[in-house]
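# An overview of the molecular structure
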Amino acid sequence: MPFPPRMPVTVSAAVLRDERLLFIRDISGEFSNVWTFPSGFVDEGEQPDTAAVRETLEEGGIVCAVEGLISATTLVWRDAPMLYLVFLARHVSGEPTPDGLETNAA
């Protein structure tokens, strides 16, 4: 086992714009047609809050700024544990736009 031990980290951003939240609809895998917050895995060497901002831009077309962490939990996905972090973020710019690769609505 490598040291220190590693656990995959995935992040989501709950992006507020006035009184509205950003949701995207996934078009891939087991979560196809599910509405959720923009989310994804943290890349090696990437900060989790930076990953949440990146995923929000990639999947929803929105530039956001993280304001804080609102949830941290562990999940089991494909028989392996992972850390799941949800950040609160505010809308900075852009209009909800799906990417057409991972999302088909925002």
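Look above for the structure.
Residues numbered from 1 in each chain as written. Predicted model: local features only at pLDDT ≥ 70, side-chain atom pairs only at ≥ 80, totals over all residues. Heavy atoms only, no water.

## Concerning the pairing of strand S6 (residues 63-77)
Successive residues of a regular strand alternate their side chains across the two faces of the sheet. Let me state the cut-off plainly: A pair of strands is labelled paired if DSSP reports no fewer than 2 bridges between them. Strands are runs of DSSP state E lasting at least 2 residues, helices are runs of H or I lasting at least 4, and numbering of each runs from the N terminus.
Pairing between S6 and strand S7 (residues 80-93): 13 bridges, direction antiparallel. The partner of valine 63 across the bridge, within S7, is serine 93. Following S6, the chain reverses through 2 residues before pairing antiparallel with S7; arginine 78 in that reversal takes a positive phi of roughly 55°.

## Looking at the packing of aromatic side chains
Put simply, the rule is: We call Phe, Tyr and Trp rings a pair once their centres come within 6.5 Å, taking the six-membered ring for Trp, and we label the pair stacked below 30 degrees between planes, edge-to-face above 60, and tilted otherwise. For every residue, the accessible area (1.4 Å probe, protein chains only) is compared with the maximum for its type, and the residue is labelled buried under 20%, exposed over 50%, or partly exposed between those bounds.
Summed over the entire model, instances satisfying the criterion amount to 2 aromatic pairs. Ring centres of phenylalanine 23 and phenylalanine 37 lie 5.1 Å apart, and the angle between their planes is 20°; this geometry places the pair in the stacked category. Here phenylalanine 37 lies in the loop between strand S4 (35-36) and strand S5 (39-41) and phenylalanine 23 lies in the loop between strand S2 (20-21) and strand S3 (24-26), a separation of 14 residues in the sequence. Assessed through its relative accessible area of 34%, phenylalanine 23 is described here as partly exposed.

## Regarding the sheet that holds strand S8 (residues 103-105)
The sheet built from 3 strands is open, its strands ordered S4-S3-S8 with antiparallel pairing. Only two strands of the sheet have a single partner each, and these edge strands are S4 and S8. With 2 bridges connecting them, S3 and S8 associate as antiparallel partners. Bridge pairing in S8 places aspartate 26 opposite threonine 103.

## Quick word on unusual backbone geometry
Despite not being glycine, asparagine 33 shows a phi value in the positive range, around 70°. Among the secondary structure elements, asparagine 33 is positioned in the loop between S3 and S4. Positive phi, close to 65°, is recorded for aspartate 79, a residue that is not glycine. Mapped onto the elements, aspartate 79 comes out in the loop between S6 and S7.

## Comments concerning the nonpolar core
Formally: Throughout this description, the term nonpolar core refers to a set of buried Ala, Val, Leu, Ile, Met, Phe, Trp, Tyr and Cys residues connected via side-chain atoms within 4.5 Å. Contact criterion: two residues are considered in contact whenever any of their non-hydrogen atoms come within 4.5 Å of each other.
Membership of the largest hydrophobic core is limited to 12 residues, which are Val11, Ala13, Val15, Leu22, Val42, Ala51, Ala52, Ile62, Cys64, Leu85, Phe87 and Ala89. Mapped by element, the contributors of at least two residues to this core are strand S1 (9-17), helix H1 (48-60) and S7. When near neighbours in sequence (up to four residues on either side) are disregarded, isoleucine 62 contacts Val15, Leu22, Thr56, Leu57, His91, Ser93, Gly94, Glu95 and Pro96.

## Regarding the pattern of salt bridges
Just so we agree on the cut-off: Put simply, a salt bridge is a Lys or Arg side-chain nitrogen that is within 4 Å of an Asp or Glu carboxyl oxygen.
Going through the model one piece at a time under the given rule, you end up with 6 salt bridges. Among the ionic pairs, arginine 54 bridges to glutamate 46, the shortest N-O distance being 2.8 Å. Judged by relative accessible area, glutamate 46 falls into the buried class, the value being 17%. The partner of arginine 54 in a salt bridge is glutamate 55, and the shortest N-O contact between them spans 2.9 Å. Owing to a relative accessible area of 6%, glutamate 55 belongs among the buried residues under this scheme. Through salt bridges with shared partners, one network takes in Asp43, Glu46, Arg54, Glu55 and Glu58.

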